[in-house]
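A look at the structure
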Amino acid sequence: MKRVMIVGQPGAGKSWLARTLGERTGLPVQHIDLIHWQPGWQERPKTEKLTLIHQAEMRESWIIEGGLSATYKHRLSRADTLIILDFPLRFRAWRVFVRTLKDYGRSRADLPENCPERFSYEFWKWIWDTRHTGRAQNLALIEQAGPDVAVFHLCNRHQVASFVKNLDLPDNSGQ
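What you see is a predicted model, and the numbers here were worked out from it, not measured in a lab.

What counts, and at which threshold
Residues numbered from 1 in each chain as written. Predicted model: local features only at pLDDT ≥ 70, side-chain atom pairs only at ≥ 80, totals over all residues. Heavy atoms only, no water. Pairing = 2+ DSSP bridges. Helix = DSSP H or I, 4+ residues; strand = E, 2+ residues; numbered from the N terminus. Axes fitted to C-alpha atoms, helices over the stretch in contact; angles between N-to-C directions. Contact = heavy atoms within 4.5 Å. Buried < 20%, exposed > 50% of the residue type's maximum accessible area, 1.4 Å probe, protein only. Polar contact = N/O pair within 3.5 Å; in protein donor to acceptor, adjacent residues only side chain to side chain.

Quick notes on the sheet that holds strand β7 (residues 150-154)
Hydrogen bonds along the backbone pair up the strands of a sheet, which may run parallel or antiparallel. Strand order across the open sheet formed by five strands is β2-β5-β1-β6-β7, with parallel pairing between neighbours. Where the open sheet ends on each side, the last strands, each with one partner, are β2 (29-31) and β7. For this sheet, the mean angle separating the axes of adjacent strands, direction not counted, is 15°. Bridge count for strand β1 (residues 3-8) against strand β5 (residues 62-65) is four bridges, and the pairing is parallel. Bridging from a neighbouring strand, Val-4 pairs with Ile-63 of β5. Contacting β2 and β5, helix α3 (residues 46-57) crosses the sheet at an angle of about 145° to β5.

Below is the structure:
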């Protein structure tokens, strides 16, 4: 596991899983939201986003979590591991709601500075509007993954916990 692609819809736990895997594996973590957004919730120009994500994808090792589907094909061609977090809308909506309350007015670690957590009608509408299309796009990656890509389709918290617990990491104890 050297290049890990994590996708899922909002509230699925992509950022948490990426941070957890980064801590366990030592792989560098790239959050797409840090590429997509600039301070003050200003969307970065598309050409700049594509350049930044392409640079991240070309590194020797990484964990990249998040969307920017225009780069999925290239990212998947570089990945050796694909993790799809496929949780029900009600679960994800609850997590987004709780996260917003918990971090309200503060910028999370997976967002640029001056992007405070807030309740946004546009974001909630996007979650609703993409509930089927986003899921379908993520699931299509399973068929697109090459034979050398380990694919994990995780559909609940227990599967995620089991995945993390059972990571087959090399023994670095020197024994």
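Continuing now.
Description of the side chain of His-31
For His-31, the position within the fold is in strand β2. His-31 sits in the buried class, given a relative accessible area of 8%. Polar side-chain contacts of His-31 include one of 2.6 Å to the side chain of Glu-65. Once residues lying within four places of it in the same chain are set aside, the contact partners of His-31 are Ser-15, Arg-19, Glu-65 and Asp-110.

Here's the deal with the environment of Val-7
Relative to the assigned elements, Val-7 resides in strand β1. What makes Val-7 buried here is its relative accessible area of 0%. It is 6.4 Å that separates the C-alpha atoms of Val-7 and Ile-83, two residues lying 76 residues apart in sequence. Aside from chain neighbours lying at most four places away, what touches Val-7 is Lys-14, Gly-66, Tyr-72, Leu-82, Ile-83, Ile-84, Leu-85, Asn-138 and Leu-141.

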